[in-house]
Number of protein chains: 2
Amino acid sequence: MIEINKHRYSFPKLLTFGFIMVIAIGTLLLLLPMATRPGLHTSFMTAFFTSTSATCVTGLTLVDTATHWAPFGQLVIAVLMEVGGLGFMTFAVMTSLLIRRQLKMSTRFLVQESLNLDNVSQIQVVTLIIKLSILIQLLGTGLLYLDFGRRYGWWHGLWLSLFHSISAFCNAGFDLFGNSLANFKNDPYLLTVFAILIIAGSFGFLVWQDILQYRKVHRMSLHTNLALRTGAIIMALSVIVYLLTERNLSQFHDEMSWGMRLINSIFMAITPRTAGLTTFSYTELSAAGLSYTILLMFIGGTPGSTAGGIKTTTIGLLTLQAIATLRGHRDPTLAHRRFRQDNVFRALTLLFVALAIIAIAILILAETQDLPKHNSLTYVTFEVMAAFGTTGISLGITAKLNLLGKLIIMALMFIGRVGIYTVMFSIFNAQPKQPSYRYPEEGVLIG
Amino acid sequence: MIEINKHRYSFPKLLTFGFIMVIAIGTLLLLLPMATRPGLHTSFMTAFFTSTSATCVTGLTLVDTATHWAPFGQLVIAVLMEVGGLGFMTFAVMTSLLIRRQLKMSTRFLVQESLNLDNVSQIQVVTLIIKLSILIQLLGTGLLYLDFGRRYGWWHGLWLSLFHSISAFCNAGFDLFGNSLANFKNDPYLLTVFAILIIAGSFGFLVWQDILQYRKVHRMSLHTNLALRTGAIIMALSVIVYLLTERNLSQFHDEMSWGMRLINSIFMAITPRTAGLTTFSYTELSAAGLSYTILLMFIGGTPGSTAGGIKTTTIGLLTLQAIATLRGHRDPTLAHRRFRQDNVFRALTLLFVALAIIAIAILILAETQDLPKHNSLTYVTFEVMAAFGTTGISLGITAKLNLLGKLIIMALMFIGRVGIYTVMFSIFNAQPKQPSYRYPEEGVLIG
Ligand SMILES: [K+]
Ligand SMILES: [K+]
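Residues numbered from 1 in each chain as written. Chains lettered and ligands numbered in written order. Predicted model: local features only at pLDDT ≥ 70, side-chain atom pairs only at ≥ 80, totals over all residues. Heavy atoms only, no water.

The condition that has to hold: UniProt positions are given in the numbering used here, feature names are shortened, and annotations may be inferred rather than shown by experiment.
In the nomenclature of an unreviewed UniProt entry, chain A corresponds to Trk family potassium uptake protein from the organism Limosilactobacillus alvi. Its UniProt record, at the heading Subcellular location (unreviewed entry), says of chain A: "Cell membrane".

**Describing the overall build of chain A**
The test is simple: Counting from the N terminus, the helices are DSSP H or I runs at least four residues long and the strands are E runs at least two residues long. For the exposure calls, accessible area comes from a 1.4 Å probe over protein chains only, and a residue counts as buried if that area is under 20% of its type's maximum, exposed if over 50%, partly exposed in between. Contacts are residue-level and defined by heavy atoms, with any inter-residue pair within 4.5 Å sufficient. For the accessible areas, the method is Shrake-Rupley and the probe is 1.4 Å, while residue cover comes only from the protein chains on display.
Scanning chain A from terminus to terminus reveals 18 helices and three strands. Considering chain A as a whole, with its 447 residues, one finds that 62% of them fall into the buried category. Considering only contacts in chain A between residues 6 or more positions apart, those separated by 24 or more positions represent 72%. Looking at chain A as shown, the accessible area adds up to about 17600 Å², and 67% of this sits on carbon and sulfur atoms.

**Topic: the packing of helix α11 (residues 222-245) of chain A against helix α12 (residues 258-270) of chain A**
Residues and elements named next belong to chain A. Counted only if it meets this: Fitting a line to C-alpha atoms yields each axis, with helices limited to the stretch in contact; the angle taken between N-to-C directions then spans 0 to 180 degrees. In what follows, roughly perpendicular refers to angles from 65 to 115 degrees, roughly parallel to angles under 35, roughly antiparallel to angles over 145, and oblique to any angle outside these ranges. Handedness of a crossing follows from how the near helix is turned relative to the far one, being left-handed for an anticlockwise turn of less than a right angle and right-handed for a clockwise one.
At a minimum axis distance of 8 Å, the contact between α11 and α12 shows a crossing angle of 125°. Looking at the two axes, α11 sits oblique to α12. In the crossing of α11 with α12, the sense of the turn from one axis to the other is right-handed. Across the interface between the two elements, Met 235, Ser 238, Val 239, Tyr 242 and Leu 243 of α11 pack against Leu 262, Ser 265, Ile 266, Met 268, Ala 269 and Ile 270 of α12.

**Here's the deal with the packing of aromatic side chains**
All names here are of chain A. Stated formally: Centres within 6.5 Å make a pair out of two Phe, Tyr or Trp rings, where for Trp the six-membered ring is used; the pair is then stacked when the planes are under 30 degrees apart, edge-to-face when over 60, and tilted otherwise.
Inspection of every chain in the model, using the stated rule, returns 22 aromatic pairs over all chains. Ring geometry for Tyr 282 against Phe 382: centres 6.3 Å apart, planes inclined by 45°, an arrangement best described as tilted. Taken together, the positions of Tyr 282 in the loop between α12 and α13 (287-299) and Phe 382 in helix α16 (residues 376-388) put the pair 100 residues apart, joining distant regions of the chain. Each member of the pair, Tyr 282 together with Phe 382, is buried. Among the aromatic residues, ring-to-ring pairing joins Phe 148, Tyr 152, Phe 177 and Phe 184 into one connected group.

**Details of the nonpolar core**
Short version of the rule: In this description, a nonpolar core means a group of buried Ala, Val, Leu, Ile, Met, Phe, Trp, Tyr and Cys residues linked to one another through side-chain atoms lying within 4.5 Å.
One finds Ile 409 and Ile 420 of chain A together with Ile 409 and Ile 420 of chain B to be the most contacted residues of the largest nonpolar core, which totals 153 residues. Contacts of Ile 409 of chain B, omitting those with residues within four sequence positions, involve Phe 49, Leu 60, Leu 365, Glu 383, Val 384, Ala 387 and Leu 401 of chain B.

**So, the pattern of salt bridges**
All names here are of chain A. Basically, it comes down to this: Any carboxyl oxygen of Asp or Glu within 4 Å of a side-chain nitrogen of Lys or Arg constitutes a salt bridge here.
The full count for this structure, using the stated rule, is four salt bridges over all chains. Note that Arg 151 is salt-bridged to Asp 147, the shortest N-O span being 2.7 Å. Placement of both Arg 151 and Asp 147 in helix α7 (residues 122-152) is noted, with a separation of four residues, approximately one turn of the helix. Residue classification places Arg 151 among the partly exposed residues on the basis of a relative accessible area of 40%. Connected via shared salt-bridge partners are Asp 147, Arg 151 and Asp 187.

**Observations concerning the environment of Thr 65 of chain B**
All names here are of chain B. For Thr 65, the position within the fold is in helix α3 (residues 65-68). Judged by relative accessible area, Thr 65 falls into the buried class, the value being 4%. Along the backbone, Thr 65 and Thr 50 are 15 residues apart, and their C-alpha atoms lie at a distance of 9.2 Å. Thr 65 has contacts with Gln 74, Ile 77, Phe 163, Phe 174, Asp 175 and Leu 176, leaving out every residue within four places of it along the chain.

**Describing the confidence of the model for chain A**
The predicted coordinates of low-pLDDT regions are not to be read in fine detail. Residues and elements named next belong to chain A. Applicable threshold: One confidence number per residue, pLDDT, is output by the predictor and ranges from 0 to 100.
Averaged over all residues, the pLDDT of chain A is 78; the fraction at 70 or higher stands at 78%. No element of chain A has a lower mean pLDDT than helix α6 (residues 105-114), which averages 47, and none a higher one than helix α2 (residues 44-55), which averages 91. Here residues 100-114 is modelled with pLDDT under 50, and outside its nearest four sequence neighbours on either side it reaches 19 contacts, counting other chains as well. Predicted confidence is poor over residues 116-120, with pLDDT under 50, and the contacts of this stretch with residues over four places away or in other chains come to 13 contacts.

**Section: a nonpolar patch on the surface**
Short version of the rule: By definition, no residue in a patch forms a salt bridge, and every one has over 30% relative accessible area; like charges are joined within 9 Å, nonpolar side chains (Val, Leu, Ile, Met, Phe, Trp, Tyr) within 5 Å.
Together, Phe 17, Met 21, Ile 25, Leu 29, Leu 32 and Met 34 of chain A give the surface a local cluster of nonpolar side chains, amounting to about 550 Å² of exposed area. Mapped onto the elements, Met 34 of chain A comes out in the loop between α1 (10-31) and α2.

**Observations concerning unusual backbone geometry**
Residue and element names in this part refer to chain B. At Asn 171, a residue that is not glycine, the phi angle is positive and equals roughly 50°. Even without glycine at this site, Ser 180 takes up a positive phi of about 55°. Tracing the backbone shows Ser 180 in the loop between α8 (154-169) and α9 (188-202).

**A few points about helix α9 (residues 188-202) of chain A**
Residues and elements named next belong to chain A. The following threshold applies: Multiplying 1.5 Å by the residue count of a helix minus one yields the expected span of that helix.
The terminal C-alpha atoms of α9 lie 21 Å apart, and with 15 residues this matches the ideal 21 Å at 1.5 Å per residue to within 8%. Here α9 has its buried residues at Leu 190, Leu 191, Val 193, Phe 194, Ala 195, Leu 197, Ile 198, Ala 200, Gly 201 and Ser 202. Looking one or two places after α9, you find Gly 204, whose phi comes out positive at around 90°.

Rendered as structure tokens:
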């Protein structure tokens with residue numbers, strides 16, 4: 001997410017540290033007695049895991065959010081989702097404003113570049129985006145309340161509307177119904193409102209900026225172009241694949257009309273990218289559907305959004321690069337512009353590091369957890385991808401993980417949310433020392 | 001495998017076409033009545049699949065090699081393994097010799113570059129390698145005969161020794177025992193001979209060349225350096241992982257001594273890279289062991305050998321590149337030399353295309369095959385990797401695949417053996433036209 005120049009280690013560290021602080025504060029608040037419903041007890045690991053899952057907008061849970069947490073605990077979770085989702089931008093803008101006032105020009109330039117802000121006036125655009133985000137969430141609350149108000153009463157309905165509007169827009173995946181959105185699988189109005197909230201929240205920072213500025217500059221950045229195109233292609237492909245693999249949700253027999261099956265299939269195509277709100281249990285999915293969902297979660301959403309995974313732009317750029325290489329062309333291009341070479345390198349390194357992390361996580365979990373007798377590898381792979389993609393859909397093994405398992409899933413959620421590069425740069429703490437000499441070059445056989 | 005310059009499309013096409021021809025001839029020979037045991041019938045698909053599996057030195061089978069095929073059929077399979085394994089080099093050298101006599105200098109240069117031959121005198125080295133390969137296989141036959149001769153009688157023992165020496169050296173994985181090497185899991189002598197044959201065969205062309213020339217030039221190519229180091233690291237890691245995940249093969253209780261468990265664990269670490277000869281059924285493996293085996297098969301062996309997968313040098317180079325990127329260095333280096341940038345690009349594109357092919361194959365197989373009720377995704381993933389890595393270990397679904405499933409597995413074996421780049425360049429048939437203009441450059445957010 002972060003463009004790195006020679007001052008490369010300040011911003012990643014700041015971001016990593018910021019997320020850790022938010023998680024720590026969330027854990028402490030969730031450990032307060034008033035956060036838990038009377039008669040129930042919250043262990044440190046449960047509070048720590050829940051705070052991580054909420055801040056990293058993942059949605060994997062050890063306890064049922066509605067029945068375990070008291071209203072105060074639910075409020076803490078809602079605030080953590082907001083800070084982790086929208087607040088990422090807020091945090092970034094606040095930091096940049098703070099730093100701009102205190103630090104010298106070169107660092108100011110770094111922060112602007114970190115946020116891909118071409119000039120200072122765009123800080124205003126960011127403020128606008130934050131205001132817009134809050135407006136959309138309030139609008140979503142209102143639209144949900146039209147239904148939830150009737151269904152669940154005035155006050156409880158309002159709280160449910162606000163909580164799920166935040167959860168949907170921040171693509172966080174927490175719910176207060178115990179079975180996600182399964183109660184509403186036959187409700188086209190609610191599913192449409194949720195789908196719009198999810199999509200609006202999944203665009204990400206830069207795409208919103210471009211959309212808001214389009215009327216003024218009549219030009220879309222290459223990033224927005226790539227993100228929107230890749231997203232649309234994956235979306236269309238996903239609807240087709242799920243219609244085929246789930247044979248139009250035939251497991252629902254008579255309880256679902258054909259129209260609702262289509263709407264649910266579209267919802268299925270939207271949710272694994274990062275949202276994590278589901279209309280039925282994913283244990284009902286076919287093997288092919290599960291493998292495709294694992295792939296979607298690995299890809300994740302748009303960078304600059306709340307999505308995890310390796311991101312749509314990464315997969316889009318790699319596809320263009322692979323096609324260019326195989327066709328013997330020099331550069332991957334899109335819309336009459338070519339991509340910077342270091343972008344391609346970054347994308348490919350990201351893919352490789354992500355694969356390595358995931359392979360190691362799967363191996364350790366498969367070895368150390370007490371898993372279901374059948375399909376254990378599928379369960380583990382699904383769980384790992386749900387954490388790395390900050391999607392939060394689970395086949396139900398989250399609560400059964402032991403301490404090591406929980407820590408691994410938490411680490412994956414963190415890496416998925418904060419970003420591999422940011423975390424890696426913070427951990428490796430590398431000095432950008434370039435040796436003044438270079439070794440002689442030599443080729444090797446590949447593939 | 002093939003270095004591409006501006007004359008890039010002749011050699012890949014030649015190679016792809018050559019393999020297809022060998023498979024076609026093999027299919028016809030296996031369809032002859034004398035190839036099948038009396039009373040049994042060989043369908044076209046069985047002959048086609050077996051010919052592909054033997055030529056691509058994979059070892060996946062639809063019928064039991066010992067009981068279905070008559071001696072002539074087994075001989076055909078042995079010759080196909082030899083042509084597919086060793087014969088790849090033979091084929092390449094023969095072609096280069098043939099072309100050198102007829103074509104103009106520039107093409108001659110291409111062929112030399114295709115084989116990474118720095119000068120014409122190295123053709124002699126290749127001839128030497130071929131002679132050495134045949135010598136090793138004859139030696140292996142002799143060493144196996146010391147045991148098999150006593151065990152199975154003079155003539156049958158001799159045939160078994162020759163067949164399995166070829167199968168082991170060419171890393172082909174075919175066997176005439178019906179249960180691979182399970183009969184010999186307590187025989188340290190036979191397992192050692194097999195392990196040496198497998199390792200000798202897995203080095204690949206360039207590494208052998210370097211080893212043979214080392215006394216003369218006292219210098220190892222970067223390729224050999226990387227291949228040997230990566231191979232050794234993966235090997236050591238694999239022994240440790242399997243010792244942990246299989247808890248020293250505890251499923252064998254009293255029937256196996258501790259020493260033999262160690263030898264079998266080492267054999268387990270050697271075989272998934274490409275050999276495919278096993279000392280027990282892989283359905284007995286733990287979930288963690290299966291996931292690690294899937295990873296090993298995906299990586300495969302050394303380029304220029306009979307191995308499939310994305311190759312050890314690819315994974316080694318990508319690891320070095322990832323470490324360099326994360327440490328803020330400019331170039332990935334090894335042994336005081338740096339890698340060519342286009343090598344890194346090639347490796348990364350290879351990884352991406354391989355992943356895309358595998359994901360699509362898994363999705364289609366999961367959707368279209370009648371699979372076991374439990375662990376179906378694991379079975380499919382394992383089968384796909386066994387084909388792509390030309391490893392040929394199966395959890396037992398090969399014979400149950402329908403027509404589409406067989407064709408997909410055959411395509412994967414072919415791609416795994418011939419190489420993604422070679423096949424892609426043949427299919428895409430791209431013209432290396434470089435546009436005289438370049439689009440303006442622009443960056444995107446990655447990760
Ligand atoms: K989520
Ligand atoms: K094999």
